[in-house]
Amino acid sequence: MPDTSSSSPLNRRRLLCGCAGLALLGLAACGRRDEPSALRPQEIPAGASCALDGMLLADYPGPKGQILFAGEAQPQWFCDTVELLSMLLKPEQLREQRGAWVQDMALADWERPVGHWVDARQAFYVLGSRRHGSMGPTAASFAEADKAQAFAAQYGGQVHPFAQLKPEMVDLSGGALHDSRM
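Quick caveat: nothing in here was measured; it's all calculated off a predicted structure. (Residues numbered from 1 in each chain as written. Predicted model: local features only at pLDDT ≥ 70, side-chain atom pairs only at ≥ 80, totals over all residues. Heavy atoms only, no water.)

K.L.:
Requested: an account of helix H3 (residues 145-155), with residues and values cited.
P.N.:
For H3, the set of buried residues is Ala148, Phe151 and Ala152. Along the long axis of H3, the arc covered by the buried residues comes to 100 degrees, so they all point the same way. Of the exposed residues in H3, the ones pointing more than 90 degrees away from its buried face are Ala153 and Gln154. Among the structural elements, strand E5 (124-133), strand E6 (136-142) and strand E7 (158-161) are those in contact with the buried residues of H3. Where H3 ends, the next residue or the one after it, glycine 156, has phi of about 85 degrees, a positive value. (Buried < 20%, exposed > 50% of the residue type's maximum accessible area, 1.4 Å probe, protein only. Helix = DSSP H or I, 4+ residues; strand = E, 2+ residues; numbered from the N terminus. Arc of directions from axis to C-beta. Contact = heavy atoms within 4.5 Å.)

Structure follows, in structure tokens:
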């Protein structure tokens, strides 16, 4: 009859293999930094400047954006959602993105937006409104379609989910012409 006590070499080997397997699974889980659930937007630090033009984010109204590229610990900041969307929609953009966020303007203060980040690819955008951001006409961003519709009813413009946006809809040409502070 085989020995089934915990002191048998076979049972000790099974126990050790099981513990080693659990340890390896735990280590593998620790190394998975690219999981969407682990990605979170950051708050805009004091003195943050735009990745495209160097403008200080705090100096301008309207929705802001951030993209976290693969291999980078800090996001790149955008003083206007049009800049962020232009970057996301460029067909030649090859850099892998771990996450991209915009502010929900149903909750954030237009003049001094802070917090209220939503996934840029899940957001709804109002293009062509009378509200301006840092680069003049902007893409007002919202987490919910009905909030975007209410904004468009008040300020004009058309509501588009991210999936409907095309690069030509977020053209950056002439943005500096709208900035009276430059």
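After that view of the structure, there is still more to cover.
K.L.:
I'd like a rundown of the side chain of histidine 160, residues and numbers included.
P.N.:
Along the chain, histidine 160 falls in strand E7. In this view, histidine 160 contacts Ala123, Phe124, Tyr125, Leu127, Leu165 and Met169; residues no more than four positions away in its chain are not counted.

K.L.:
Any details on unusual backbone geometry? Residues and values, ideally.
P.N.:
Phi is positive for histidine 116, close to 60 degrees, though the residue is something other than glycine. Looking at the element boundaries, histidine 116 is found in the loop between strand E3 (97-103) and strand E4 (117-119).

K.L.:
Outline the pattern of salt bridges, listing residues and values.
P.N.:
Throughout the structure, instances matching the rule amount to 2 salt bridges. Across the pair glutamate 72 and arginine 95 runs a salt bridge whose closest N-O atoms are separated by 2.3 Å. Taken together, the positions of glutamate 72 in the loop between strand E1 (65-69) and strand E2 (76-78) and arginine 95 in the loop between helix H2 (81-89) and E3 put the pair 23 residues apart, joining distant regions of the chain. Relative accessible area serves as the criterion here: at 24%, glutamate 72 is assigned to the partly exposed category. The partner of glutamate 111 in a salt bridge is arginine 131, with the nearest N and O atoms 3.5 Å apart. (Salt bridge = Lys/Arg side-chain N within 4 Å of Asp/Glu carboxyl O.)

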